[in-house]
Amino acid sequence: MTAQTSDDPWSAVEQRYGVMVPDLLRRLHADGCCDPHHPAFIQLSDLMWLGPVQICDWRPPPDQIAGLVPFAATSNHDLWCLYRDWGDQRAPLPVVFCPEEDEVAHLFAPDFTGFCYRMLLEEYACTCLTEHYDLPRSRAALDAYAVAMAVYLPAPWAACLRDLAQRPLVGDDNDYYGSVDEDELAQIIARDLAYPRLDEEFEHYLGN
């Protein structure tokens with residue numbers, strides 16, 4: 001377990017929710033990867049990281065199920081959460097996606113490291129960077145992600161991302177760009193993130 005001190009902001013998260021904060025989540029925040037004003041920031045499509053104070057201050061709607069620990073959100077206030085009630089307290093907790101205006105959530109990754117990997121895979125499949133930057137700059141950013149994340153991910157996963165980063169970006173009929181198609185993306189996810197409940201749907205509001 002990560003050593004804690006009285007001035008460790010993540011200890012309050014662990015105390016409130018009764019979970020262990022993933023070491024990788026701590027590292028990404030400490031290294032500036034979650035800070036849009038930091039040079040190390042990794043910009044993913046519609047993902048806003050929550051800091052430890054925001055996580056502690058979060059108050060769920062009265063009809064939301066227990067066991068959710070939010071760590072990121074979308075612009076529509078959908079939440080990415082660790083899910084305490086589907087995890088073994090002795091093992092990393094799975095990550096679930098909980099849309100604010102939809103009662104159906106789903107399990108996105110078996111743990112936080114898998115979440116980071118799958119988010120990057122999804123970015124390579126269909127990036128929104130091209131809505132803000134030209135193709136060369138978008139491609140350079142995607143190349144940089146593979147390099148930056150290599151120190152945080154298992155070697156085979158890092159190698160897969162490097163391969164995808166080196167491929168050309170191809171546009172579709174809706175002017176979205178990616179370097180991997182949906183079929184290959186699904187194969188990579190099934191291969192590297194095998195988990196009995198992966199993509200399983202469940203209701204995250206009570207009484208539905």
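Per chain, residues are indexed from 1 in the order of the written sequence. Confidence filtering applies because this is a predicted model: local features only for residues at pLDDT of at least 70, side-chain atom pairs given and counted only at 80 or more, and all residues used for totals across whole chains, interfaces and linings. Calculated side-chain values reflect all of the structure's heavy atoms, with hydrogen atoms and water omitted.

## A few points about unusual backbone geometry
1) Next: Residue histidine 77 is not a glycine yet carries a positive backbone phi of 70°.
2) Next: Runs of H or I in DSSP of at least four residues are treated as helices and runs of E of at least two as strands, each being numbered from the N terminus. Relative to the elements of secondary structure, histidine 77 occurs in the loop between β2 (68–73) and β3 (79–83).
3) Next: Only protein chains enter the calculation, and the probe is 1.4 Å; a residue is then buried if its accessible area is under 20% of its type maximum, exposed if over 50%, and partly exposed in between. Residue class for histidine 77 comes out exposed when judged on its relative accessible area of 53%.
4) Next: The phi torsion at aspartate 199 lies on the positive side, around 70°, for a residue other than glycine.
5) Next: Relative to the helices and strands, aspartate 199 is located in the loop between α7 (182–192) and β8 (201–203).

## With respect to the side chain of aspartate 78
1) Next: Tracing the backbone shows aspartate 78 in the loop between β2 and β3.
2) Next: Comment: no salt bridge for buried aspartate 78; closest opposite-charge side chain is arginine 118, at 15 Å.
3) Next: A polar contact of 2.8 Å, which involves the side chain of aspartate 78, links it to the backbone nitrogen of glutamate 100.
4) Next: When checking whether two residues touch, look at their non-hydrogen atoms; a contact exists if any pair is within 4.5 Å. Discounting chain neighbours no more than four positions away, the residues touching aspartate 78 are Ala72, Ala73, Phe97, Cys98, Pro99 and Glu100. The convention is simple: Lys and Arg are positive, Asp and Glu are negative, and His and the chain ends are not counted. Salt bridges are defined by distance alone: a side-chain nitrogen of Lys or Arg within 4 Å of a carboxyl oxygen of Asp or Glu. Counting of polar contacts relies on pairs of N or O atoms within 3.5 Å, with two restrictions inside protein: one atom must be capable of donating a hydrogen and the other of accepting it, and residues adjacent in sequence are counted only when both atoms are side-chain atoms.

## Concerning the side chain of arginine 26
1) Next: Positionally, arginine 26 belongs in helix α2 (residues 23–30).
2) Next: Relative accessible area serves as the criterion here: at 11%, arginine 26 is assigned to the buried category.

## What about the sheet that holds strand β5 (residues 104–109)?
1) Next: Overall, antiparallel pairing links the six strands, which are arranged β1-β2-β3-β4-β5-β8 in an open sheet. Unpaired on one side and paired on the other, β1 (48–49) and β8 mark the two borders of the sheet.
2) Next: Note: two strands are recorded as paired if DSSP finds a minimum of 2 bridges between them. Relative to strand β4 (residues 95–98), β3 is paired through four bridges, and the arrangement is antiparallel. Bridge pairing in β4 links tryptophan 80 to phenylalanine 97.

None of this, on its own, says anything about what the molecule does.
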